[in-house]
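Here's the letter readout for the chains.
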Amino acid sequence: MRKTKTIFLSGIFLLLSLAQATAQRQMEYLDRGVVAVQTGDYSVFVSWRLLGTEPAETAFNLYRKIGNKKPVKLNRKPITESTNYIDTNAALNLSPAYFVRPVLNGKEGEASEAAAVWSRNYLTVPLQTPEGYSPNDASVGDLNGDGQYELIVHMTGRGRDNSSNGLTDEPIFHAYTLDGKLLWKINLGRNIREGAHYTQFIVIDMDGDGIAEFACKTADGTVDGTGKVMGDATKDWRDENGLILQGPEYFTVFDGRTGAALATADFIPGRGDLCGWGGVGGNGGNDCDGNRVDRFLAGAAYLDGELPSVLMCRGYYGRSVIATWDWRNGKLTSRWVFDSKDGENPFSGQGNHSLSVNDIDSDGKDEVIYGAMALDDTGKGLYSTGLRHGDALHVSQFDPANPDQLVWGIHENETSESGYGVALYNARTGEIIWGGEEGQDVGRGLAADIDPRNPGAEMWWNGDKGLYNVKGERISKSPAATNFAIWWDGDLLRELLNSNYIDKWDYEQEQQVRLLTAEECTSNNDTKATPALSADLFGDWREEVIFRTEDNQSLRIYTTTIPTKHRLYTLMHNPQYRLSVAWQNVGYNQPPHTSYFLGHGMKQPPRPNIITSQKTGTNQKRTKRL
């Protein structure tokens, strides 16, 4: 592989790491998330969360509860090595339930909510799928302040790629509790087109009150969760090709509890000149027919270090505009807007079919990795690698020997211009560490620690081009799966998530070994073969995965039942990981990553610098660490 030390800079960069900011990020309150799954005639696997607000020395006592009988403590000594346990003497015919109590300085804390036993390793969430629709991408948020996640599901009917003419069905969103109760539904209406590049949404607690908001682009005829119609419901802005190139565009924040529209503003930026969105990205061309102008992304970022702002983004083949929004104290305001403006700008054409949000300079505030370029928390462009737009993007501390986070980018360099099709570069400086596939259009690629014989993560891409370490050295054959990764089994290596299955990479035999097949389930988004969502939703730090069933009438949330001796804070209290779950559904879905190296031989990550909301459901209050 060719290597280069060339740095493409657009300004003055930080040369030294900044000290960690003292401000604490406001994150959602989470309960203990206890999950119990039957694994045999008399055995139950139980796991629970170690919260990011708890001291590292927190231990746990686990109790089995049967009816009105006195609960039985299952462990002789407080559990300190892990946050999971196998009860090998479970009286399953008596319907046991399990709860834990934290132990600190020899004293027990508050008991968690008792968890009933699942008979299988998945939870079924029944849906009310509209006729002709199917559940697609999903997100999670605490919509009622009880410390448990609810599901927000994008229901999709007929969709279109932006480059295709034709009508689409109206995008619909549903919110459900985990037992299948429909909380609200929002119909974006005929003036919002359905498609992977068009219909982006974010679920995050923007104002820190403990209730997540739902935010997206809206238009005339959008119907909120209370049945209120936005704008002029009589307007139909679709042209003869089914495109929507006229009419007002809005940005709306909705109440997570009811789906009611809380505030609406004009979408930033407007369409402007339809011919003004081309440039050096993509195939280097341009169009005036609505393809490039209607390419959207979205995200969430802690730009002030305390509360998340929502990012609404337009364009990436040429002109790219990133607009950031705050919802604070009942007011919706624009924080800043970045605009690359034209093809002569070095930040033009560097976008991606996804984005990443990361604190790359360790100042406690987030930056935006927008494909092959980066923006500071102030909205100022930091650098552009010049590698142009691409299909996949992964950012984390992939090299434990390097204090900086690294970016693994998959690029579409399909023109005669030179440039890497795959590249690993420093997220803080833009310095390219190594790259390959010069001048090639590379479709998919992944970064994850799957081989313990090499320090750090491994990188690979579609086609049997090999598995590479962080130094750019080919170490073996590569897995065939390049879509998603998931922490599933008992070690610290990551597994491969693709279609409706999870595989382990056997690095000695250089082959994939099946760990899970989600029978009667299917993946989303055609060849991307992505789940509805993958995230650490409950239980210990390992991740869950959500698939839709083949009949489109329910979702299944799969959880691992493999014991582990490794103990980590819940990944959802790592701010970068939590934000990556929020934008996972955007564009070409990408798996979430932590801000620290999580893999074989890792150091224990530091306690998150966060505060959370109290469990009240209303009038949420901030609470300090325990």
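Within each chain, residue numbers correspond to sequence positions counted from 1 in written order. Where local features are concerned, this predicted model is filtered to residues with pLDDT of at least 70; where side-chain atom pairs are given and counted, the filter is 80 or more; whole-chain, interface and lining totals use all residues. Water and hydrogen atoms were dropped before computing side-chain values, which therefore reflect all heavy atoms in the structure.

An unreviewed UniProt entry lists the chain under the name Rhamnogalacturonan lyase, with Pontibacter saemangeumensis given as the organism.

Novice: Just to check I follow, could you spell out the nonpolar core for this structure?
Specialist: The tendency in soluble globular proteins is for nonpolar side chains to be buried side by side. Counting residues in hydrophobic clusters, the biggest one holds 60 residues, and the most contacted among them are Phe214, Phe251, Ile322 and Tyr370. Each helix corresponds to a stretch of at least 4 residues labelled H or I by DSSP, and each strand to a stretch of at least 2 residues labelled E; elements are numbered beginning at the N terminus. No other element matches strand β19 (residues 296-301), which puts 5 residues into this core. The next biggest cluster of nonpolar side chains, apart from the first, holds 37 residues, and it includes Leu30, Val125, Tyr149 and Leu598. By convention a nonpolar core is built from buried Ala, Val, Leu, Ile, Met, Phe, Trp, Tyr and Cys residues, the set being connected through side-chain atoms within 4.5 Å. For the exposure calls, accessible area comes from a 1.4 Å probe over protein chains only, and a residue counts as buried if that area is under 20% of its type's maximum, exposed if over 50%, partly exposed in between.

Novice: Quick question: what am I supposed to make of the sheet that holds strand β14 (residues 182-187) here?
Specialist: The pairing of strands in a sheet comes from backbone hydrogen bonds and takes either a parallel or an antiparallel form. At least two bridges found by DSSP between two strands are what make those strands a pair. As summarised here, the arrangement of the 4 strands in space is β11-β12-β13-β14, forming an open sheet in which the pairing is antiparallel. One side of each edge strand has no neighbouring strand; the edge strands of this open sheet are β11 (134-141) and β14. Strand-to-strand twist in this sheet, taken as the mean axis angle between neighbours without regard to direction, amounts to 20°. In terms of strand pairing, strand β13 (residues 172-176) meets β14 through 5 bridges, oriented antiparallel. Axes here mean lines fitted to C-alpha atoms, for a helix over just the part in contact, with angles spanning 0 to 180 degrees between N-to-C directions.

Novice: Which parts of the structure should I look at to understand the side chain of Glu28?
Specialist: Relative to the elements of secondary structure, Glu28 occurs in the loop between β1 (25-27) and β2 (35-38). By relative accessible area, Glu28 is classed as buried at 9%. In this analysis, two residues are considered to be in contact whenever any of their non-hydrogen atoms come within 4.5 Å of each other. If we skip the residues at most four places from it in the chain, Glu28 touches Asp142, Tyr149, His573, Arg578, Thr612 and Ser613.

Novice: How should unusual backbone geometry be read in this particular structure?
Specialist: The residue after Ile268, namely Pro269, is reached through a cis peptide bond having omega 0°. Examined against the element boundaries, Pro269 turns out to sit in the loop between β18 (261-266) and β19. Phi angles above zero are rare outside glycine, and Lys341 is one such case at about 70°. Here Asp526, not a glycine, exhibits a phi torsion of approximately 55°, which is positive. As for its position among the elements, Asp526 is in the loop between β39 (521-522) and β40 (533-535). Overall, Asp526 belongs to the exposed group, its relative accessible area being 74%.

Novice: How should the environment of Asn609 be read in this particular structure?
Specialist: Within the secondary structure, Asn609 sits in the loop between α1 (575-582) and β43 (610-613). You can call Asn609 partly exposed: its relative accessible area is 25%. Each C-alpha atom of the pair Asn609 and Gly225 lies 35 Å from the other, and the pair is 384 residues apart in sequence. A distance of 3.1 Å separates a polar side-chain atom of Asn609 from the backbone oxygen of Ala23. Nitrogen and oxygen atoms within 3.5 Å of one another constitute a polar contact, given that in protein one can donate a hydrogen and the other can accept it, and given that sequence-neighbouring residues count only through two side-chain atoms.

Novice: What's the story with the state of the cysteines in this structure? I'm lost.
Specialist: Each disulfide is one covalent bond, formed between the sulfur atoms of two cysteines. Disulfides are defined in this document as cysteine sulfur pairs within 2.5 Å. According to the stated counting rule, one finds 1 disulfide in the structure shown. Here Cys275 pairs with Cys288 through a disulfide, and the sulfurs are 2.0 Å apart. Measuring handedness by torsion sign, the sulfur bridge of Cys275 and Cys288 sits at about 130° and is right-handed. Placement of the pair is Cys275 in the loop between β18 and β19 and Cys288 in the loop between β18 and β19, with a sequence separation of 13 residues.

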